[in-house]
Structure formats: structure tokens, C-alpha cells
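Chain and residue survey
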Amino acid sequence: MVPDVVPAVPVTPRDAATVMLLRDGEAGLEVFLQRRVRGMAFAGGMTVFPGGGVDPRDGDASVAWSGPPPEWWATRFAVTAELARALVCAAVRETFEESGVLLAGASGDSVVADTARYRDARRALVARELSFAGFLQAEGLVLRADLLRPWTNWVTPVEEPRRYDTRFFVAVLPQGQRADGWTTEAADAVWQTPRAALADWQGGRRMLMPPTWVTLTELAEYAGVSDVLSAPRAVEKIVPKLVRDGDAVRVIVP
């Protein structure tokens, strides 16, 4: 919604991370989606990928880490190494909190096969009673940064009063794990092919924000998980613009 009076100075966007969780299904590439509860302050009723804002504790350098170092991610997202570390940790943490999928293992070349044993820790993370670094350390787990791929970077339009600078990642559902809808923020959760999700949107059965439908459109070009992971990708920073046209609002994506 475009406010009646656009701020003279745009609100500083909050750093955030979101993860497109993928798997190969019978109909081809599938992505995990959640419909946010209506009435939420941000994106209420919208269908989205798991994700959320960076917690100040996500930058904890004590996290056991496997895969490309923060400096590698910093180059891809054009940020500092400190922020890059926090973004990767936020991506893994938010994916676990919102879907139960954990991109971590007992060693740098393993990944947990069943996350049910961490249910209480998951609740504590959601309640911010436990830091992600504290959780990993207590369970002897290593964050698997190599299971993520950078995808793109969307920033909320400057006209909005609530803004996020969101880095998009892709990751594959680890073998043995399952994604669920256990989160108070989601009304439902589903695996869909990108084309089916777009058809639901076009048919009025789901609501999508521009970053989601654009990204789903991109994913619809790939046949399977391996194609997505091997695709050459340069991260772009995209800032849509909101334009009022009478009583209607149009979103212009550059």
C-alpha cells in the first residue's frame, strides 16, 4: 500500500534472508511455499518462501562453519564479511524455524537426517530465547554454508513504511528431512512446481508479492534441482517502485 504521504527520507531497510527450498518431484522441480497468516503487519495473506530479518546474534563468529567463507558471500552480495556471515546464518536459522529443515550436520560433510529431536530448540529459537550459535554449539553441529546458493537481492520500495533488504538463496531439501508448516506465521504450507504456484496466483487462489512471482517465474525455466544449482548466476539488487494510478497501485519492477 502506498502511503498518502511518502517519507521525504526513505526508511532504512532491515537486512533479511529468504530461502527457496527445492526438491525434485514427480512433476519436476518443486519449491516449498507458505501462506502467511492474514492480519500480519508485513505480507499478511501472501504466499512466500521461508525467511525473515537478521537477528543481531546471527553474526556470532563462533559458529562452526563449512563451505564458502563469509568473504565469498560478501563478494556475491556486495556487503561486508560480517554482514555476509549474519545473512547466511539468518538464512539457515529462518529455514529451520519456519520449515523444520536444518542445513547443518555433525561434521562439515554431513547433514542431519531427522530434525525432530531439535523441536524444543526450534521453539526456543522462534521465541528468541536461544541464539542460533548457541543452539549449534550445544548440539555439536556445523553450519553447512555449501548447501546454499546465492540467487538475488530484493529491496522493498522506497515508498513503503516497512522495508527489507532481502537476499535470496536456494537450497535443496536434505535427504531424510521433511518441511512442515509448524509456525504461527503460516496458515498453510505446500510443495508446488513453480508453474503450479504461478497458476494459483493468476487464478486468484494465492497472493504473491513481486519478488515471489518474479523468482517463481525464473525457477519455472529449470527442469530439476541439478539445473538450478549449476545455473550461472550473478546477484542483482532489485528495487521495485510503487505508483498510484487513481485508487489503484501499480508495482513497477525494473
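Not measured: the values here are computed from a predicted model.

About the thresholds
In every chain, residue numbers begin from 1 and rise along the written sequence. Under the rules for a predicted model, residues below a pLDDT of 70 receive no local features and side-chain atom pairs below 80 are neither given nor counted, while totals for whole chains, interfaces and linings still include all residues. Note that the side-chain values use all heavy atoms of the structure and ignore hydrogens as well as water. Numbering of helices and strands runs from the N terminus; a helix is a DSSP stretch of H or I covering at least four residues, while a strand is a stretch of E covering at least two. For each residue, the accessible area found with a 1.4 Å probe, counting protein chains only, is set against the maximum for its type, and the residue is called buried under 20%, exposed over 50%, and partly exposed in between. Every residue pair with non-hydrogen atoms within 4.5 Å of one another is taken to be in contact. Here, Shrake-Rupley sampling with a 1.4 Å probe gives the accessible areas, and only protein chains in the shown set may cover a residue. Regarding the arc, it is the one traced by the directions from the helix axis to the C-beta atoms. Pairing between strands requires that DSSP locate at least two bridges from one strand to the other. Charge counting treats Lys and Arg as positive and Asp and Glu as negative, with His and both chain ends excluded. One side-chain nitrogen of Lys or Arg within 4 Å of one carboxyl oxygen of Asp or Glu is enough to make a salt bridge. Polar contacts, as counted here, are pairs of nitrogen or oxygen atoms within 3.5 Å of one another; within protein the pair requires one atom able to donate a hydrogen and one able to accept it, and residues that are adjacent in sequence qualify only if both atoms are side-chain atoms. We define a nonpolar core as any set of buried Ala, Val, Leu, Ile, Met, Phe, Trp, Tyr and Cys residues linked to one another through side-chain atoms lying within 4.5 Å. For this analysis, a ring pair means two rings from Phe, Tyr or Trp (six-membered ring only for Trp) whose centres lie within 6.5 Å, classed as stacked if their planes differ by under 30 degrees, edge-to-face if by over 60, and tilted for the remaining angles. Both a distance and an angle decide whether a charge sits over a ring: NZ of Lys or CZ of Arg must be within 6 Å of the ring centre and within 35 degrees of the ring normal.

1. Looking at the overall build of the protein chain
- Looking only at helices and strands, the protein chain has 7 helices and 13 strands in total.
- Split into buried and exposed, the 254 residues of the protein chain put 50% on the buried side.
- Put simply, 71% of the contacts in the protein chain that link residues at least 6 apart link residues at least 24 apart.
- Just so you have it, the protein chain exposes about 12000 Å², and 52% of that area is on carbon and sulfur atoms.

2. Overview of helix α1 (residues 70-77)
- Listing the buried residues of α1 in full gives Pro70, Trp73, Ala74 and Phe77. Angular distribution of buried residues about the axis of α1 spans 105°; they occupy a single face of the element.
- At its buried positions, α1 is contacted by β5 (65-66), α2 (81-99), β8 (148-155) and β9 (164-172).
- Immediately beyond the C-terminal end of α1, within one or two residues, lies Ala78, with a positive phi of roughly 55°.

3. Some remarks on the sheet that holds strand β7 (residues 142-144)
- In space, the 3 strands of this open sheet follow the order β5-β7-β6, with mixed pairing throughout. Both edges of this open sheet fall to β5 and β6 (104-105), since each of them pairs with a single strand only.
- Pairing analysis gives 2 bridges linking β6 to β7, with the strands arranged antiparallel. Paired with Gly105 across the two strands is Val142, which belongs to β7.

4. With respect to the side chain of Arg163
- With respect to the secondary-structure elements, Arg163 resides in the loop between β8 and β9.
- No salt bridge is formed by the buried Arg163; its nearest oppositely charged neighbour, Glu159, is found at 7.2 Å.
- One polar contact links the side chain of Arg163 to the main-chain carbonyl oxygen of Thr156, over a distance of 2.8 Å.
- Within the structure, Arg163 has its side chain in polar contact with the backbone oxygen of Pro157 (distance 3.1 Å).

5. Remarks on the pairing of β9
- With 8 of 9 residues buried, β9 is to be regarded as a mostly interior element.
- Pairing of strand β1 (residues 14-25) with β9 involves 9 bridges; the strand directions are parallel. Looking at the pairing, Asp15 lines up with Asp165 of β9.
- Relative to β9, β8 is paired through 7 bridges, and the arrangement is antiparallel. Paired with Val155 across the bridge in β9 is Asp165.

6. A look at the pairing of β1
- As defined by bridge partners, β1 adjoins strand β4 (residues 51-53) across 3 bridges and the pair is classed as antiparallel. Bridge pairing in β4 links Thr18 to Gly51.
- Where β1 hands over to strand β2 (residues 28-36), the hairpin turn is made up of 2 residues, counted between the paired strands.

7. Observations concerning the environment of Ser107
- Following the sequence through the fold, Ser107 ends up in the loop between β6 and α3 (119-126).
- Among the residues examined, Ser107 registers a relative accessible area of 27% and is labelled partly exposed.
- In this structure the side chain of Ser107 is engaged in a polar contact, spanning 2.7 Å, whose partner is the side chain of Asp109.

8. Some remarks on the pattern of salt bridges
- Per the counting criterion, the structure on display carries 20 salt bridges.
- Asp180 is paired through a salt bridge with Arg122; the nearest N and O atoms lie 2.8 Å apart. Highlighted residues: Asp180 in the loop between β9 and β10 (186-192) and Arg122 in helix α3, separated in sequence by 58 residues.
- A relative accessible area of 16% places Asp180 in the buried class.

9. Concerning the side chain of Thr166
- Mapping Thr166 onto the fold places it in strand β9.
- The residues contacting Thr166, other than those within four sequence positions of it, are Ala16, Ala17, Thr18, Thr152, Asn153 and Trp154.

10. Section: the nonpolar core
- Counting residues in each nonpolar core, the largest one holds 42 residues, and the members touching the most others are Trp73, Leu102, Phe135, Leu143, Leu148 and Phe169.
- Secondary structure elements with two or more residues in this core: β1, α1, α2, α3, α4 (132-139) and β9.
- Those residues in contact with Trp73 that sit more than four places away from it in its chain are Trp65, Pro68, Ala84, Val88, Ala145, Leu148, Arg149, Pro150 and Phe169.
- Core analysis: the next-biggest nonpolar cluster, separate from the first, contains 19 residues, Met20, Trp154, Phe168 and Val225 among them.

11. Side note on the packing of aromatic side chains
- Tallied over the full model, the rule gives 11 aromatic pairs.
- Taking the centre distance of 5.5 Å and the plane angle of 10° together, the rings of Phe96 and Phe135 count as stacked. Highlighted residues: Phe96 in helix α2 and Phe135 in helix α4, separated in sequence by 39 residues. The two residues Phe96 and Phe135 agree in class, both being buried.
- Here the aromatic residues Trp72, Trp73, Phe77 and Phe169 are joined through ring pairs into a cluster of three or more.
- Between the NZ or CZ atom of Arg85 and the centre of the ring of Trp65, over which it lies, the distance is 5.4 Å.
- Lying over the aromatic face of Trp151, Arg233 brings its terminal NZ or CZ to 4.0 Å of the ring centre.

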